[in-house]
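# Architecture and fold: a report
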Amino acid sequence: MPALGGRTAIVTGGGHGVGRGIALSLAEAGAQLVICGRTPETLSAVRKEVEARGGVALDIVCDITRAADLERLVAATVERFGGINILVNNAAIVPHGTLLEIDDALVQAAWETGPVATLHLMRLCHPHLKGDGAIVNISSGIAISGNAHRRGIYAATKAALNAISRAAANEWGPDGIRVNTIMPVARTEAVERFFADEPERAEAMLAAIPLGRVGDTEEDIGRAVAFIVSPDARYITGVTIPVDGGSSYIR
């Protein structure tokens, strides 16, 4: 049986970017998938990709800032697959702007789509994850960077996410639930735009990655997550893992 055969995973923000890569890798490892997000077209496209590879997936349109939507997501997952074994919290907005210029509404949205929504969904999934469940929360190296250029609020939300994840690992370990966080660097649609719009800064970013490339969302980031939630990683919990080619700590 594949490493994740018979297990059910929820991936938020699974319609594009890192979420899509993680969803495809979890399916490749045998998991039954529930992918959620706000755009039906992208969710449907990823579901069809999973099915074309022989996997099983359910796509659900969901606004993670709405409690009723999250409750519906969990209920639909349990109804379709009988339980929840894996939760990947990936969805969040990326607010840009200096601390003086950033709009208050954007600050609030960053917290609501980031650590607040993540904590809410973790709590809803907790009863279903008890026994041998695994959570992976998607953070960012910006949380530990000394230079959060125009992304101070984003750094703050990701630092909070790291702290919540550590607390959950401690509190929920006796329940048999592992909680880890990753900080990926991946070639998402946003990164592609960054390379096109700001080539000099993009080249500087690339030069700061010891492995010399930006990670692939599926082969690099997704496969790392598939390992972290697998039985082979059953003794790993409460850590924040850079999946970034060495850029967070080596230089």
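Residues numbered from 1 in each chain as written. Predicted model: local features only at pLDDT ≥ 70, side-chain atom pairs only at ≥ 80, totals over all residues. Heavy atoms only, no water.

Attention now goes to the side chain of Arg-178. For Arg-178, the position within the fold is in strand β6 (residues 178–184). Although Arg-178 is buried, it makes no salt bridge; Asp-132 carries the closest opposite charge, 8.9 Å away. Separated by 2.8 Å, the side chain of Arg-178 and the backbone oxygen of Ile-228 make a polar contact. With residues up to four places along the chain from it excluded, the contact list for Arg-178 reads Gly-133, Ala-134, Ile-135, Ile-228, Val-229, Ser-230, Ala-233, Arg-234, Ile-236 and Thr-237. (Helix = DSSP H or I, 4+ residues; strand = E, 2+ residues; numbered from the N terminus. Buried < 20%, exposed > 50% of the residue type's maximum accessible area, 1.4 Å probe, protein only. Lys, Arg positive; Asp, Glu negative; His and termini not counted. Salt bridge = Lys/Arg side-chain N within 4 Å of Asp/Glu carboxyl O. Polar contact = N/O pair within 3.5 Å; in protein donor to acceptor, adjacent residues only side chain to side chain. Contact = heavy atoms within 4.5 Å.)

Another aspect to go through is the packing of aromatic side chains. For the coordinates displayed, the defined rule picks out 1 aromatic pair. On the basis of an interplanar angle of 85 degrees and a centroid distance of 6.1 Å, the ring pair of Phe-194 and Phe-195 is categorised as edge-to-face. Each member of the pair, Phe-194 as well as Phe-195, is classed as buried. (Phe/Tyr/Trp six-rings, centres within 6.5 Å; stacked < 30°, edge-to-face > 60°.)

Before going further, it helps to spend a moment on the environment of Leu-161. If you trace the backbone, Leu-161 turns up in helix α5 (residues 152–172). Along the primary structure Leu-161 and Ala-31 are separated by 130 residues, whereas in three dimensions their C-alpha atoms are 25 Å apart. Setting aside its immediate chain neighbours within four residues, Leu-161 contacts Pro-115, Thr-118, Asn-137, Ile-138 and Ser-139.

Note: α-helices contain 3.6 residues per turn, so residues at a spacing of three or four share the same orientation. The first and last C-alpha atoms of helix α4 (residues 104–129) sit 35 Å apart over 26 residues, in line with the 38 Å expected at 1.5 Å per residue. Turning to α4, the residues buried within the fold contact β1 (8–12), α3 (67–81), β4 (86–89), β5 (134–138), α5 and β6. Residue Asp-103 occupies the N-cap position of α4, its side-chain oxygen lying 2.9 Å from the main-chain nitrogen of Ala-105. Immediately downstream of α4, the backbone of Gly-131 shows phi near 115 degrees, a positive value. (Expected span 1.5 Å × (residues − 1).)

With that settled, consider the sheet that holds β5. Taken together, 7 strands build an open sheet; the order of strands is β3-β2-β1-β4-β5-β6-β7 and the sheet is parallel. Because the sheet does not close on itself, it has two edges, and the strands there are β3 (57–61) and β7 (240–243). Each strand axis lies, on average, 20 degrees off the axis of its neighbour in the sheet, ignoring direction. In the packing of α5 onto the sheet, the strands contacted are β5, β6 and β7, and the crossing angle to β6 comes to about 155 degrees. Contacting β4, β5, β6 and β7, helix α8 (residues 217–228) runs over the sheet at an angle of about 165 degrees to β6. (Pairing = 2+ DSSP bridges. Axes fitted to C-alpha atoms, helices over the stretch in contact; angles between N-to-C directions.)

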